[in-house]
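# An overview of the molecular structure
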Amino acid sequence: MESATTPSRGILSEDRRAARDELIELLTKAYWMEIETVMSYIANSINPDGVRAQEIRESLEQDIQEELGHAQQFGTRIKELYGVVPGSLDFAAEQNYLQPPDHQTDVVHVIKGVIEAETGAIEHYNRIIEFCDGLDLVTQDMVIGILRDEEGHRRLFEGFLREYQAEGLA
């Protein structure tokens, strides 16, 4: 990577290689979180049954495209930082809370799983934002935008959960 045109300052400079490598690891984890969420949201946008499930399915269908876009943003930034976007053989599933419920009418299970997934993303993205402070404003800015989306998703599903709780269904 080092050449006469390599920046002498900032995250792309040679003296920031260790920090850049650590950041690439953080971004790679975020990339996989988004990819796994897409897989889980696809299943959970198809499987739930019942009239009450319709709004949840539709919301997840919309979120799939947004989460996929986040994965693409993380992948692009990994490449810009001289990293390599991993292939499918490096994937390891972690989202047991987003697995389809035993009963396809158990919409509350799906809602709680989404809240847990969004909470995990929010926590990890805040870590990236803090790591980037004073180090990489470009990545920080990108992740702040993605964080806003995730906070919005979480808030929407918290509302769904409160509705089910108010009706004694959760």
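First things first, this report covers the structure right here in the doc.

### A short note on the packing of helix H1 (residues 17–46) against helix H2 (residues 53–80)
Where H1 contacts H2, the two axes come as close as 8 Å, and the packing angle between them is 160 degrees. Taken together, the axes of H1 and H2 lie roughly antiparallel to each other. The element H1 and its partner H2 pack so that their crossing is left-handed. The residue inventory of the contact of H1 with H2, partitioned by class, reads 15 nonpolar, 6 polar and 6 charged.

### Quick look at the pattern of salt bridges
Scanning the entire structure with this criterion turns up 6 salt bridges. Among the salt bridges present, the one from Glu80 reaches Arg77, with a minimum N-O distance of 3.0 Å. Highlighted residues: Glu80 and Arg77, both in helix H2, separated by 3 residues, approximately one helical turn. For Glu80, a relative accessible area of 40% corresponds to the partly exposed category. Of the charged contacts in the structure, one is a salt bridge between Arg77 and Asp136, with a shortest N-O distance of 3.0 Å. Here the residue Arg77 occupies a position in helix H2, and Asp136 occupies one in the loop between helix H3 (107–132) and helix H4 (137–166), the gap between them amounting to 59 residues. Like Arg77, the residue Asp136 is buried in the burial classification. A single salt-bridge network, built from bridges that share partners, covers Arg52, Glu163 and Glu167.

Rules and cut-offs
- Residues numbered from 1 in each chain as written.
- Predicted model: local features only at pLDDT ≥ 70, side-chain atom pairs only at ≥ 80, totals over all residues.
- Heavy atoms only, no water.
- Axes fitted to C-alpha atoms, helices over the stretch in contact; angles between N-to-C directions.
- Helix = DSSP H or I, 4+ residues; strand = E, 2+ residues; numbered from the N terminus.
- Parallel < 35°, antiparallel > 145°, perpendicular 65-115°, else oblique.
- Left-handed = near helix turned anticlockwise from the far one by under 90°.
- Nonpolar A, V, L, I, M, F, W, Y, C, P; charged D, E, K, R; others polar.
- Salt bridge = Lys/Arg side-chain N within 4 Å of Asp/Glu carboxyl O.
- Buried < 20%, exposed > 50% of the residue type's maximum accessible area, 1.4 Å probe, protein only.

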